[in-house]
Amino acid sequence: MKSFALAIPLIVICAATAAEASDISGNWARGDGNARVRIEPCGTDICAVNTWIKPGTPKEKEGDKLVMSIKEDTEGSYSGTAFDPQRDLSYKLTVKVEGDRMTTKGCVIAGLICKGVDWTRIN
């Protein structure tokens, strides 16, 4: 589950259009302040790559990647799966982007164990 937490960040964009407001791509800071990620297309998927990890944060490092096979369901809402190659784990994933905020929720074991993470868009 910890690697899922590396997966997804967000920041404030001044004068964002509606399309930009729900765009998952960009740089994000995790709500606990321990990680920052860059989300961008990677092949046919979307990848979240750790760009910064707070020193002393266990089991995470810069460069760790989460590969997300997600599609936008409605404006700013995405769903699908995510794969963490560092830990060989797959997750059911939902993402909600609202302006400069993003919430990710990853579930394992047929949706029995889930964890949500809040993100803020950064420059």
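Residues numbered from 1 in each chain as written. Predicted model: local features only at pLDDT ≥ 70, side-chain atom pairs only at ≥ 80, totals over all residues. Heavy atoms only, no water.

## Regarding the nonpolar core
What counts here: In these notes, a set of buried Ala, Val, Leu, Ile, Met, Phe, Trp, Tyr and Cys residues joined through side-chain atoms within 4.5 Å is what counts as a nonpolar core. Burial here depends on accessible area, computed with a 1.4 Å probe over protein chains only, as a share of the maximum for the residue type. Under 20% is buried, over 50% is exposed, and the range in between is partly exposed. Numbering goes from the N terminus for both helices and strands, where a helix is a DSSP run of H or I of at least four residues and a strand is a run of E of at least two.
Within the largest apolar cluster, 19 residues are counted, with the highest numbers of intra-cluster contacts made by Ile24, Ile39, Met68, Ile70, Val95 and Met102. Contributing elements (two or more residues each) for this core: strand E2 (35–42), strand E3 (45–53), strand E4 (65–74), strand E5 (77–84), strand E6 (89–98), strand E7 (101–108) and strand E8 (113–122). The element that contributes the greatest number of residues to this core is E6, accounting for four residues.

## Focus: the confidence of the model for the chain
Quick reminder of the rule: pLDDT measures the predictor's confidence residue by residue and takes values from 0 up to 100. Note on contacts: a residue pair is in contact if any heavy atoms of the two residues lie within 4.5 Å.
In this model, the chain carries a mean pLDDT of 84, and residues with pLDDT of at least 70 account for 83%. The spread of mean pLDDT over the elements of the chain runs between helix H1 (residues 2–6), the lowest at 40, and strand E1 (residues 26–30), the highest at 98. Between residues 1–20, whose pLDDT stays under 50, and residues either more than four places distant or in other chains, the model counts 90 contacts.

## Here's the deal with the side chain of Asp84
To keep it simple, the criterion reads: Two N or O atoms form a polar contact when they lie within 3.5 Å of each other; inside protein one atom must be a possible hydrogen donor and the other a possible acceptor, and for residues adjacent in sequence the pair counts only when both atoms belong to side chains.
Turning to its location among the elements, Asp84 is positioned in strand E5. For Asp84, the side chain forms a polar contact with the side chain of Gln86, separated by 2.7 Å.

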